[in-house]
Protein chains: 2
Amino acid sequence: MSLDRLMEKIEQTQNPTVAGLDPKLDYVPEFIRKKNFERYGETLKGAAKAILEFNKGLIDALYDIVPAVKPQAAYYEMYGTAGVKTLYKTQEYAKSKGMYVITDGKRNDIGTTMEAYAAAHLGKVKVGLSEYEPFLGDALTVNGYLGSDGIKPLLQVCSDNDKGIFVLVKTSNPSSGELQDKLVDGVPIYELMGKMCEEWGKNLSGVYGYSGVGAVVGATYPEQIKRLREILPHTFFLIPGYGAQGATAKDIAAAFDKNGLGGIVNSSRGIMCAYQKQKCGEHEFAEAARREAIRMRDEIMGFVGKIELNK
Amino acid sequence: MSLDRLMEKIEQTQNPTVAGLDPKLDYVPEFIRKKNFERYGETLKGAAKAILEFNKGLIDALYDIVPAVKPQAAYYEMYGTAGVKTLYKTQEYAKSKGMYVITDGKRNDIGTTMEAYAAAHLGKVKVGLSEYEPFLGDALTVNGYLGSDGIKPLLQVCSDNDKGIFVLVKTSNPSSGELQDKLVDGVPIYELMGKMCEEWGKNLSGVYGYSGVGAVVGATYPEQIKRLREILPHTFFLIPGYGAQGATAKDIAAAFDKNGLGGIVNSSRGIMCAYQKQKCGEHEFAEAARREAIRMRDEIMGFVGKIELNK
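The structure presented is a predicted model; accordingly, all values stated were derived computationally and were not measured.

The rules we used
- Residues numbered from 1 in each chain as written.
- Chains lettered and ligands numbered in written order.
- Predicted model: local features only at pLDDT ≥ 70, side-chain atom pairs only at ≥ 80, totals over all residues.
- Helix = DSSP H or I, 4+ residues; strand = E, 2+ residues; numbered from the N terminus.
- Rg over C-alpha atoms; globule rule 2.2 N^0.38 Å.
- Buried ≥ 20, exposed ≤ 12 C-beta atoms within 10 Å, placed from the backbone.
- Contact = placed C-beta atoms within 7 Å.
- Nonpolar A, V, L, I, M, F, W, Y, C, P; charged D, E, K, R; others polar.
- Least-squares fit on C-alpha atoms with pLDDT ≥ 70 in both.
- Pairing = 2+ DSSP bridges.
- Right-handed = clockwise from strand over helix to strand, strands pointing away.
- Axes fitted to C-alpha atoms, helices over the stretch in contact; angles between N-to-C directions.
- pLDDT = per-residue confidence, 0-100.
- Parallel < 35°, antiparallel > 145°, perpendicular 65-115°, else oblique.
- Left-handed = near helix turned anticlockwise from the far one by under 90°.
- Core = buried A, V, L, I, M, F, W, Y, C linked by C-beta atoms within 7 Å.
- Expected span 1.5 Å × (residues − 1).

Colleague: What's the story with the overall build of chain A in this structure? I'm lost.
Modeller: Looking only at helices and strands, chain A has 14 helices and 12 strands in total. A globule of 311 residues ought to have a C-alpha radius of gyration of about 19 Å, and chain A, at 19 Å, matches this closely. Within chain A, the proportion of its 311 residues that are buried is 60%. Sequence-distant contacts, at least 24 apart, represent 72% of the contacts inside chain A between residues at least 6 apart.

Now the structure itself:
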């Protein structure tokens, strides 16, 4: 149930990391862009097709060693309806290779509107007598600013479809404290949000100790990771901010429990643009991504130790 | 600049209301559903095409008396890529009729990712030497939980493209207080968020006294509307919760200044499903929507008085 499938993939690969697929067109190797522009024009469709080819190359290079991908919706919406089609096709391809798909959409709304988002990204939609899956995420990131009315509509859909969510708790950006660190009766807002995750998660308990309601906790705030791990024993963390945003494996070690579970660390640019950093030539983008994914896995596993699933 | 074009449309129509286009398939008259299912199948595409036809009928019935539409992204994403295409086509049609388009997406993220959302929904995207508009909103709703890193990337795009944003401040749902009403040094969080809107708006000042950074303030909280109008003199309000959620024109009167400016009131179900409430037969859905839009306008204008633009 819930996020258990993700934990099983993490255990299988002995790798608590996720490859963020945030494909700015600049990240796509020139030869892929050129080929798709020639075929589809220098259009939104051409860009979207180039990104899909790039993503598929990355997935081919990663699927046996990395448990999950996290496509960021913004970079697909940026290319209009063609881009959104590439989001779907990317999810489909990653799933066909056995990867767990976390859709990073940070969606939020209330009541029937949140039900619509839940159906769109985690559930099924009925049209006449038929049922369809509009998008193919296994989990979705969401924003809890609207309170329980914004989260509860997701819980039934997650329960019915074996899916999970990650609620923004303490984000990795420099200004995240402007609101999130403010104190309410001595308690920072991110802790309040974290405690709501524990509460919501009671409706979606999992077999490995963590519920289907995870939390986004930035790698750039190691003190807060430590504190949140202590007070949120059933909440699995999605941890952005490693690499490009400056955090190291040591900063996130506190997210993990004695079984090596408790979080999954994202790297987007680090993996997608590895060929630029490694200066190995753009035709080697996939191999470079794999090398970086292995380097990252080994670095993080150095702190995490062996990952075991105990029921 | 900014939200000025919206205020000009409001003055022109003497109507501070917006028609929410949240097209659940159940809302679409049977004859439209049937026609499109016969043509495109009982598929996501069939549903999306039916919704587009419904939306166009509503826009035809409203464009000369209602200044703006607010399509809610969730109800389009729910029908997959075909649904997202209907969002685009709805925006395009509304704009062709001269309406102002507020995309209700409640998007949020940071840095380059927020830049991607800004380009997607309010800006332009370069592919090779060409520029495209991925989606066609004039304004976008956004969520400020991530702080300034999540809002600042929008401001330049708004400035360059004459667009605006509405930040969630005090939402209309029953549980909005779980987080938003919590006190920080005696000040509720929604006030802090409102004050951030005033701050961000300094970079996007308008000619009619309100900036390009508006606030979402629920009609269901009249006390808070009154207080927020007092402390946020340059922030224009987008006001959901009228009608179906129980608020009346009297509840929202305090949002408006002496010139009748200051806010725009949304009705979604009330207008879209007017034909069901009026029991007039589904073929009259557009006329019913128009009657309800006029009734709502007259009710609200009874409290607002004449709307004047003073530079």
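Following the structure, the description resumes.
Colleague: Whenever I open this one, the interface of chain A and chain B confuses me. Can you help?
Modeller: By a frequent convention, interface size equals the accessible area lost on bringing the separate parts together. Listed by partner, the interface residues are 56 residues for chain A and 56 residues for chain B. Across the side of chain A that touches chain B, the residue classes break down as 29 nonpolar, 18 polar and 9 charged.

Colleague: I would appreciate a short explanation of the relation of the copies chain A and chain B in the present structure.
Modeller: Two copies of one chain are present, and they are related through a rotation about an axis combined with an axial shift. Superposition of chain A onto chain B requires a rotation of 180° combined with a translation of 0.0 Å along the rotation axis, giving an RMSD of 0.0 Å. Expressed as an axis order, the relation between the two copies is that of a two-fold axis. Within chain A, A:Val184 has its C-alpha nearest the rotation axis, a separation of 2.6 Å. Taken as a fraction of all interface residues of chain A, those also at the interface in chain B reach 100%, which identifies the copy contact as same-surface.

Colleague: Even after reading the chapter, I still don't get the pairing of strand S7 (residues 164–170) of chain B, so can you show me in this structure?
Modeller: Regular strands have side chains that alternate between both faces of the sheet. Residues and elements named next belong to chain B. Burial of S7 is extensive: 7 of the 7 residues sit out of reach of the surface. In this sheet, S7 lies alongside strand S6 (residues 139–142) in parallel orientation, the contact comprising 4 bridges. Along S7, the bridge assignment pairs Ala 139 with Gly 164. Assessed by its sense of winding, the connection that carries the chain from S6 through helix H7 (residues 148–161) to S7 is right-handed.

Colleague: What should I look at first to understand the sheet that holds strand S2 (residues 68–71) of chain B in this one?
Modeller: All names here are of chain B. Sheet architecture is closed into a barrel: 8 strands sit in the order S1-S2-S3-S6-S7-S10-S11-S12, paired in parallel fashion. Within the sheet, the average angular offset between the axes of one strand and its neighbour, ignoring direction, is 30°. Sheet strands touched by helix H10 (residues 222–231): S7 and strand S10 (213–217). Its angle to S10, the strand with the most contacts, is close to 160°.

Colleague: Just to check I follow, could you spell out the confidence of the model for chain A for this structure?
Modeller: As a note on interpretation, predicted positions should not be read in detail where pLDDT is low. On average, residues of chain A score 95 in pLDDT, and 100% of them are at 70 or above. Across the assembled chains, the prediction reports ipTM 0.97 with pTM 0.97.

Colleague: It is not clear to me how the environment of B:Gly241 should be interpreted in this structure. Could you clarify?
Modeller: Residue and element names in this part refer to chain B. Relative to the assigned elements, Gly 241 resides in the loop between strand S11 (237–239) and helix H11 (249–252). Judged by C-beta crowding, with 24 C-beta atoms within 10 Å, Gly 241 ranks as buried. Those residues in contact with Gly 241 that sit more than four places away from it in its chain are Ser 172, Gly 218, Ala 219, Thr 220 and Ala 247.

Colleague: Explain the packing of helix H2 (residues 30–40) of chain A against helix H3 (residues 44–62) of chain A to me, please; I cannot follow it from the model alone.
Modeller: To characterise two packed helices, one gives the angle between the axes of the helices and the distance between these axes. All names here are of chain A. Look at H2 against H3: their axes get within 8 Å of each other, and the N-to-C directions meet at 140°. Judged on the interaxial angle alone, H3 and H2 are oblique. As for the relative orientation of H2 and H3, their crossing is right-handed in sense. Mapping the contact onto sequence places Ile 32, Arg 33, Asn 36, Phe 37 and Tyr 40 in H2 and Lys 45, Gly 46, Lys 49, Ala 50, Glu 53 and Phe 54 in H3. Tallied by class, residues from the contact of H2 with H3 come to 5 nonpolar, 2 polar and 4 charged.

Colleague: Whenever I open this one, the nonpolar core confuses me. Can you help?
Modeller: A general feature of soluble globular proteins is that nonpolar side chains tend to end up buried together. Ranked by internal contacts, the top residues of the largest apolar core, which has 213 residues, are A:Val167 and B:Val167. If sequence neighbours within four positions are ignored, B:Val167 has contacts with B:Val142, B:Gly144, B:Ile151, B:Met193, B:Cys197, B:Val213, B:Ala215 and B:Val216.

Colleague: It is not clear to me how the sheet that holds strand S3 (residues 100–107) of chain A should be interpreted in this structure. Could you clarify?
Modeller: Strand pairing in a sheet takes place through backbone hydrogen bonds and is either antiparallel or parallel in direction. Residue and element names in this part refer to chain A. Read once around its circumference, the closed barrel built from 8 strands follows the order S1-S2-S3-S6-S7-S10-S11-S12, with strand pairing classed as parallel. Between one strand axis and the next, the sheet turns through 30° on average, direction left out of account. Note that strand S10 (residues 213–217) and strand S11 (residues 237–239) share 2 bridges and pair parallel. Bridged to Val 216 within S11 is Leu 238. Lying on the sheet, helix H14 (residues 285–304) is in contact with strand S1 (17–21) and strand S12 (263–267); it crosses S1 at an angle near 145°.

Colleague: I would appreciate a short explanation of the environment of B:Ala139 in the present structure.
Modeller: Residue and element names in this part refer to chain B. Mapped onto the elements of the fold, Ala 139 is located in strand S6. In this structure, the C-alpha to C-alpha distance between Ala 139 and Cys 158, residues 19 residues apart in sequence, is 8.4 Å. Other than its neighbours up to four places away in sequence, Ala 139 contacts Leu 3, Leu 6, Ile 102, Lys 163, Gly 164, Ile 165 and Phe 166.

Colleague: I would appreciate a short explanation of unusual backbone geometry in the present structure.
Modeller: The phi angle of most residues is negative, glycine excepted, and most peptide bonds adopt the trans form. Located in the positive-phi region is A:Lys106, a residue other than glycine, with phi close to 45°. Within the secondary structure, A:Lys106 sits in strand S3. You can call A:Lys106 buried: it has 28 C-beta atoms within 10 Å. At B:Asp185, a residue that is not glycine, the phi angle is positive and equals roughly 50°.

Colleague: Would you mind showing me how to read the pairing of S6(B) here?
Modeller: Residues and elements named next belong to chain B. Where burial is concerned, the two faces of S6 agree: the one with Ala 139 and Thr 141 and the one with Leu 140 and Val 142 are both buried. Direction of pairing for strand S3 (residues 100–107) relative to S6: parallel, over a ladder of 3 bridges. Counted as the bridge partner of Arg 107 is Val 142 from S6.

Colleague: Explain the environment of B:Tyr221 to me, please; I cannot follow it from the model alone.
Modeller: Note that B:Tyr221 resides in the loop between S10 and H10. Note: C-alpha distance between B:Tyr221 and B:Leu21 (200 residues apart in sequence) is 23 Å.

Colleague: Hey, could you run me through helix H9 (residues 189–201) of chain A in this one?
Modeller: An α-helix turns once every 3.6 residues. As a result, residues three or four positions apart point the same way. All names here are of chain A. For H9, with 13 residues, the first-to-last C-alpha span of 18 Å sits near the 18 Å given by 1.5 Å per residue. Counting buried residues in H9 gives 10 out of 13 residues, a clear majority hidden from the surface. Among all positions of H9, only Ile 189, Tyr 190, Glu 191, Leu 192, Met 193, Gly 194, Met 196, Cys 197, Trp 200 and Gly 201 are buried.

Colleague: I keep staring at helix H7 (residues 148–161) of chain A and nothing clicks. Help me out?
Modeller: Residue and element names in this part refer to chain A. Its 14 residues place the ends of H7 20 Å apart at the C-alpha level, agreeing with the 20 Å of an ideal helix rising 1.5 Å per residue. Those residues of H7 not exposed but buried are Gly 150, Ile 151, Pro 153, Leu 154, Leu 155, Val 157 and Cys 158. Looking at the buried positions of H7, the neighbouring elements they touch are helix H6 (111–122), strand S6 (139–142), strand S7 (164–170) and H9.

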